[in-house]
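# Topology and contacts: notes
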Amino acid sequence: MSNPTTPRTPLRTLHPEDVRKTPGGLSLDIVLTPALRPAPRSVCKSSTSSPKTSADISEKLSNAATRREEVLQLRKENIDQKLAMVQNKKDEIVNKKATRTKEELDAKLKDSEDNKNLILKKTKDDVKAHLAMVELKMKDLELLTEAEKIARKIALDEDTMKADEKRSEQLEKRIKDIQEHVDYVKSVSATQEMKKKLYLAGLEKSMEEAGKRKEEAVAKVVEVAKEEEAKVEEAKLRREKEEKAIQDKMKAALRKKSGKVEENQANKDEMFKSKMKERNRRAELVRQNKLRLEQEGVEGTNLGPESA
């Protein structure tokens, strides 16, 4: 028998002791409400008290069933509250991960675009500087070549110009040479201009191809980001299905456990009824024996004076 001075254990609201992230979802430890100690029964019973009636027994059984239903309802409410807390925590984690992934992808796309613009600008600047240097060298080479040819012709013509009879011929030859040199310079300039145009065309084509490759790379990055986002969404749906399956399994287990508890309580109530019937039967036998003994004592008292 329990000590009547011991306080009854109160009901405590269920809380998750620990929530952990695992590869399959969220893991948590559940602490159920501890068992309630039955109400203390009075130890002071009169030996001459009458046996309990069927109304008292029915009232006690009804009170026990009410308390049992209240306990089961509290347990169900606590489990639903805990599942709602776990669902909120899971949604918060998924939203944070999706936001962080989107920010990282945006930053990568921005960096890729900035790098592309910097590379194009640097390439254009390098090409312009190279072309300017090539043009400057060509001009210097042309002037140097022309000066050397004129110096050589002047040195050669100094001896020939001494003779007056050959002056006209030499002048004509010199003019012709100069004209040929001018034509040669024009030809070289045209050739260099054509090479310059071809080089610029090839460079522009290379830059266009490089731009296309950059765009393809950016498109691949975007595609990978979309695939990653789809995987995140798929994982989210899969976790939701797993969470729902776990909830259904827990509810089924709770219903099964509640059924067992009700069955055990019914068996206990049946045994209690049987014991009370047996106790009442024995009390009735004791009462009848007592009455019979009292009647026999009265009869013996009446027979005494008659025999005297």
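Numbers given for residues are sequential positions, taken from 1 along each chain in its written order. Given that this is a predicted model, residues contribute local features only at a pLDDT of at least 70 and side-chain atom pairs are listed and counted only at 80 or more, while totals for whole chains, interfaces and linings are drawn from all residues. Computation of side-chain values covers all heavy atoms of the structure but excludes hydrogens and water.

### Let's talk about the overall build of the protein chain
- Secondary structure elements are defined from DSSP: runs of H or I of at least 4 residues count as helices, runs of E of at least 2 residues count as strands, and each element is numbered from the N terminus. For the protein chain, the count of helices and strands is 2 helices and 2 strands.
- Ordered by position in the sequence, the α and β elements of the protein chain form the string β-β-α-α.
- The classification of residues rests on relative accessible area computed with a 1.4 Å probe and restricted to protein chains. Under 20% of the type maximum is buried, over 50% is exposed, and intermediate values are partly exposed. Within the protein chain, the fraction of its 308 residues that count as buried is 12%.
- Put simply, 78% of the contacts in the protein chain that link residues at least 6 apart link residues at least 24 apart.
- Surface accessibility of the protein chain: about 24800 Å² in total, with carbon and sulfur atoms responsible for 56%. Throughout, a contact is declared for two residues whenever any of their heavy atoms are within 4.5 Å. Areas reported here follow the Shrake-Rupley algorithm with a probe of radius 1.4 Å; residue values treat only the protein chains shown as occluding.

### Re the side chain of His-181
- Within the secondary structure, His-181 sits in helix α2 (residues 167–307).
- With near-sequence residues (within four places) excluded, His-181 lies in contact with Glu-146 and Lys-149.

### So, the confidence of the model for the protein chain
- Here the protein chain averages 78 in pLDDT, while 77% of its residues score no lower than 70.
- The quantity called pLDDT is the predictor's confidence in a given residue, expressed from 0 to 100. Contacts from residues 43–48, a stretch scored under 50 in pLDDT, to residues over four places away or in other chains number 1 contact.

### What to know about the pattern of salt bridges
- Think of a salt bridge as a Lys or Arg side-chain nitrogen and an Asp or Glu carboxyl oxygen that are within 4 Å of each other. Summed over all chains, the structure comprises 8 salt bridges.
- Among the salt bridges present, the one from Lys-96 reaches Glu-92, with a minimum N-O distance of 3.3 Å. Of this pair, Lys-96 and Glu-92 are both found in helix α1 (residues 54–160), 4 residues apart, which corresponds to roughly one turn of the helix.
- For Glu-92, a relative accessible area of 38% corresponds to the partly exposed category.
- Glu-296 serves as the salt-bridge partner of Arg-292, at 3.1 Å between the closest nitrogen and oxygen. One end of the pair, Arg-292, and the other, Glu-296, are both in helix α2, 4 residues apart, so they sit about a helical turn from each other.

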